[in-house]
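The chain contents come next:
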Amino acid sequence: MLAYVLRSLAQGAVVLVAVAFIAFSMFRFVGDPIANMVGQEASMADREELARRLGLDQPFPIQFLHFLGNALQGDFGISYRQGRPVSALIAERLPATVELAVLSALFATVLGVALGVYAAIRRRGVLANAVMTLSLVGVSLPTFLIGIGLIYVFAVELRWLPSFGRGETVRIGWWTTGLLTWSGLQSLILPVLTLGFFQLTLIMRLVRSEMLEVMRSDFIRFARARGIPARVIEFRHALRNTMIPVVTIAGLQLGSVIAFAIVTETVFQWPGLGALFVNAVQFADVPVMAAYLVFVAFVFVVVNLLTDLAYLALDPRLRAAAPKGAR
Amino acid sequence: MNQRAQSQPTPPGLLARAWDSDFLWSFRHSPVAILSSLVALTLIAAAVLAPVIAPQNPFDPAQLDLMDGLTPPMTPNEVTGRTFLLGTDPQGRDMYSAILYGARISLLVGFASVVFSMVVGITLGLAAGYLGGRVEALIMRIADIQLSFPAILVALLVFGIFRGVVPPAQQEAATLWVLILAIGLSNWAQYARTVRATTMVEKSKVYVDAARLIGLKPFVVMIKHVLPNVMGPVLVIATINLALAIIEEATLSFLGVGMPPTQPSLGTLIRIGQQFLFSGEWWILFSPGLALVLLALSINLLGDWLRDVLNPRLR
């Protein structure tokens, strides 16, 4: 079991170093970092001085090691466009994105599993079929159109909910939260729905098909024969066995949560990391792009690790096999 | 002998045989496939023929009249009295023409980027599957990393690098090509995986051994013998990817890192239309949005159908 965890850790570290290398190459070769930092009138001496201070006069591998060391301490240099440390920009915008992503993942998972189970149990029901058809359309709709549609209905026509921003936020230490004010909560609703919708349809369809599969297996038939009530079979026996593939896909989908967060944040002018990244791309703000890339890779690695650990918790076979160093 | 020859019907023509083939049989019996291919073909034909059928050239300022600006659909303009099928934008541009020309760009980027990622993916997949060893390990590792990052993120990165490398004056002209490159580069890994898997199966078959025995070079065996046998799954992925590429292009343009307003794709039109959502001019956003959804949905459904037909295991 320890070997299993250690191997996941090692793989994650390799991915992180590879991504850091790409980020560093971008920083080093896209545009001229010195020209971007000093003004037009800087003298050659100024430039050389800055190059020495940034370590740009040293060999490439040494520079990369410096970059890695700084990145480990959360230092990604200074934004070309805003002239502030990238780490400060990221820290400032992190809470908005984390709250949005976590809430929408929660929304998608809870509602997705519930609807998926319902659609599987009432396979021929009218409501179940309506839900399935709707989810098919939902998969083909681009995220930004869903967001715009929600804005049009709930913000423009009905005027129930705000269409942009986070509303009022409360500061707790360096973290800002929109969860404690009424306007903050109202502002969260539409972005969370937009971001969660795609995940919701995906998880729902997956739970339904897995559940149908499990319900056909022998141990469910035996449980029925033993006279166990249908509810208990469905939730204690069947649902638990559908969770392994669901956890895998939900973990893998984190990538698309981040991708759709970029879009959602732009639609709702949400002051998060995704909007920061889109701005950085528009103005070729390389340090911010590089830092975002490393950040995303870091989140990936952590979530992959958590997914692996969730397997261990969910699947006793893995726990039994792992000590022998199997697989 | 004589009897058998008599009972055999005259060999049917090519058209009739095609009509009776498995493929067209399931096409004729799938209302979804017929409807979605009709919608997709209509939209593609309209986009290709845009210069012929559009009432005006939306990129030619001489044809636009500012007085026509913000005319709602199907109602005469209060000043000029002209009527527009889908209304006009603030510059007096006919939305119907703008959508035809926009769909043209969206489809061009979609098709070109799919072809680009197909070429890259097939080449790398064939090489990995046929050559094996180090080459395979390296290519598939890169594909793994690429696949774990969302396509849109990769495309945004490529675009950001482009903004940093190309001088601003040349950026607008190059945007179309960069979009194709960015979207193509973000989708090759799926082809590589599928082609590699199929190649590994095909490689062990007798016909490949035979081709090698008569002394053909590995390159020739790969291109002339293995490649035709891996094209089936590739075409399915390509169809579904076409819908994804069109949505990806629209998303990039919507985010403001795609086609500029002077040369709008459907995504750019939606981005422009979003600014008028609050002032009640809904049609500037609605019709390009609907065109995009119809295009993506019909191609998607067609791809789903194609996958089911070409993959007997799922039937």
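Parameters and conventions
- Residues numbered from 1 in each chain as written.
- Chains lettered and ligands numbered in written order.
- Predicted model: local features only at pLDDT ≥ 70, side-chain atom pairs only at ≥ 80, totals over all residues.
- Helix = DSSP H or I, 4+ residues; strand = E, 2+ residues; numbered from the N terminus.
- Buried ≥ 20, exposed ≤ 12 C-beta atoms within 10 Å, placed from the backbone.
- Contact = placed C-beta atoms within 7 Å.
- Nonpolar A, V, L, I, M, F, W, Y, C, P; charged D, E, K, R; others polar.
- Core = buried A, V, L, I, M, F, W, Y, C linked by C-beta atoms within 7 Å.
- Expected span 1.5 Å × (residues − 1).
- Arc of directions from axis to C-beta.
- Axes fitted to C-alpha atoms, helices over the stretch in contact; angles between N-to-C directions.
- Left-handed = near helix turned anticlockwise from the far one by under 90°.
- Bend = angle between axes of the 7 residues up to and from the residue.
- pLDDT = per-residue confidence, 0-100.
- Parallel < 35°, antiparallel > 145°, perpendicular 65-115°, else oblique.

A. Region of the structure containing the overall build of chain B. Of regular secondary structure, chain B possesses 14 helices and zero strands. Along the chain direction, N to C, the helices and strands of chain B fall in the order α-α-α-α-α-α-α-α-α-α-α-α-α-α. Across its three principal axes, chain B shows a C-alpha extent of roughly 80 × 60 × 30 Å. Out of the 315 residues belonging to chain B, those deemed buried represent 43%. Expressed as a percentage of contacts within chain B between residues at least 6 apart in sequence, the contacts between residues at least 24 apart total 67%.

B. Geometry of the overall build of chain A. Check the secondary structure of chain A and you find 14 helices and two strands. The principal-axis extent of the C-alpha atoms belonging to chain A is close to 85 × 60 × 35 Å. Scored against the burial criterion, the 327 residues of chain A give a buried share of 34%. For chain A, contacts bridging at least 24 residues in sequence account for 69% of all contacts bridging at least 6.

C. Fine view of the interface of chain B and chain A. Contacts between chain B and chain A engage 31 residues on the former and 31 residues on the latter. Elements represented by at least two residues in the side of chain B that touches chain A include exactly helix H7 (133-148), helix H8 (151-165), helix H12 (218-255) and helix H14 (283-310) of chain B. Ranked by residues supplied to the side of chain B that touches chain A, first place goes to H8 of chain B with ten residues. Tallied by class, residues from the side of chain B that touches chain A come to 22 nonpolar, eight polar and one charged.

D. Highlighting the nonpolar core. Ranked by size, the top nonpolar core spans 154 residues in total, and within it Ile 203, Met 289, Tyr 292, Leu 293 and Val 294 of chain A carry the most contacts. It is helix H6 (residues 95-131) of chain B that provides the largest number of residues to this core, a total of 18 residues. The residues contacting Val 294 of chain A, other than those within four sequence positions of it, are Val 19, Ala 20, Ala 23 and Ala 71 of chain A.

E. Quick look at helix H4 (residues 31-48) of chain B. All names here are of chain B. Given a rise of 1.5 Å per residue, 18 residues ought to cover 26 Å, and the 25 Å separating the end C-alpha atoms of H4 matches this to within 8%. Among all positions of H4, only Ser 36, Ala 40, Leu 43 and Ala 47 are buried. One side of H4 carries all its buried residues, which in axial view fall inside an arc of 65 degrees. Set apart from the buried face of H4 by more than 90 degrees, the exposed residues are Pro 31, Leu 38, Leu 41, Thr 42 and Ala 45. Elements in contact with the buried residues of H4: helix H5 (50-53), H6 and H14.

F. Main features of the packing of helix H10 (residues 188-203) of chain B against H12 of chain B. Residues and elements named next belong to chain B. With their axes 9 Å apart at the nearest point, H10 and H12 run at an angle of 145 degrees to one another. By crossing handedness, the relation of H10 to H12 is classed as right-handed. Of the residues in H12, those touching H10 at Gln 190, Tyr 191, Thr 194, Val 195, Thr 198, Thr 199, Glu 202 and Lys 203 are Val 226, Asn 229, Val 230, Pro 233, Val 234 and Ile 237. Its residues placed into classes, the contact of H10 with H12 shows seven nonpolar, five polar and two charged.

G. Geometry of H12 of chain B. Residues and elements named next belong to chain B. For H12, with 38 residues, the first-to-last C-alpha span of 45 Å runs short of the 56 Å given by 1.5 Å per residue. Roughly 55 degrees is the biggest bend found in H12, and it falls at Leu 227, with proline Pro 228 one to four residues downstream. Trailing H12 by a residue or two, Gly 256 shows a phi angle of about 90 degrees, which is positive.

H. Layout of unusual backbone geometry. Residue and element names in this part refer to chain A. Here the phi dihedral of Arg 159 falls at roughly 55 degrees; this positive angle occurs in a residue that is not glycine. By secondary structure assignment, the location of Arg 159 is in the loop between helix H7 (143-157) and strand S1 (170-172). We note that Gln 269 has phi near 45 degrees; this positive angle belongs to a residue other than glycine. Along the chain, Gln 269 falls in the loop between helix H11 (254-267) and helix H12 (273-282). Residue Gln 269 is classed as partly exposed on the basis of its C-beta count, with 13 C-beta atoms lying within 10 Å.

I. Region of interest: the confidence of the model for chain A. With 92% of its residues at a pLDDT of at least 70, chain A reaches an overall mean of 80. A low-confidence stretch, residues 322-327 of chain A stays under pLDDT 50, and its non-local contacts, those more than four residues away or across chains, total seven contacts.

J. Looking closely at the packing of H6 of chain B against H7 of chain B. Residues and elements named next belong to chain B. The N-to-C vectors of H6 and H7 enclose an angle of 140 degrees; their axes lie 7 Å apart at closest approach. Classed by the angle they form, the pair H6 and H7 counts as oblique. Viewed along their axes, H6 and H7 form a crossing whose handedness is left-handed. Along the contact surface, H6 presents Leu 124, Ala 127, Ala 128 and Leu 131, while H7 presents Gly 133, Val 135, Glu 136, Ile 139 and Met 140.

K. Expanded view of the confidence of the model for chain B. All names here are of chain B. Residues of chain B with pLDDT of at least 70 account for 90%, and the chain-wide mean is 81. The spread of mean pLDDT over the elements of chain B runs between helix H1 (residues 2-7), the lowest at 48, and H6, the highest at 90. Segment residues 1-6: pLDDT under 50, and zero contacts once partners within four positions in sequence are set aside and those in other chains are kept. This complex was scored by the predictor with a pTM of 0.82 and an ipTM of 0.78.

L. Representation of the environment of Leu 86 of chain B within the structure. All names here are of chain B. Among the secondary structure elements, Leu 86 is positioned in the loop between H5 and H6. C-alpha separation for the pair Leu 86 and Ile 223, spaced 137 residues apart in sequence, amounts to 49 Å. With residues up to four places along the chain from it excluded, the contact list for Leu 86 reads Pro 73, Met 95, Tyr 96, Ile 99, Trp 283 and Ser 287.

M. Region of interest: the environment of Lys 224 of chain B. Relative to the elements of secondary structure, Lys 224 of chain B occurs in helix H12. In this structure the C-alpha to C-alpha distance between Lys 224 of chain B and Ala 211 of chain B, which are 13 residues apart in sequence, comes to 9.8 Å.

N. Structural context of the environment of Asn 229 of chain B. Along the chain, the position of Asn 229 of chain B falls in helix H12. Spatially, the C-alpha atoms of Asn 229 of chain B and Thr 198 of chain B are 8.2 Å apart, while their sequence positions differ by 31 residues.

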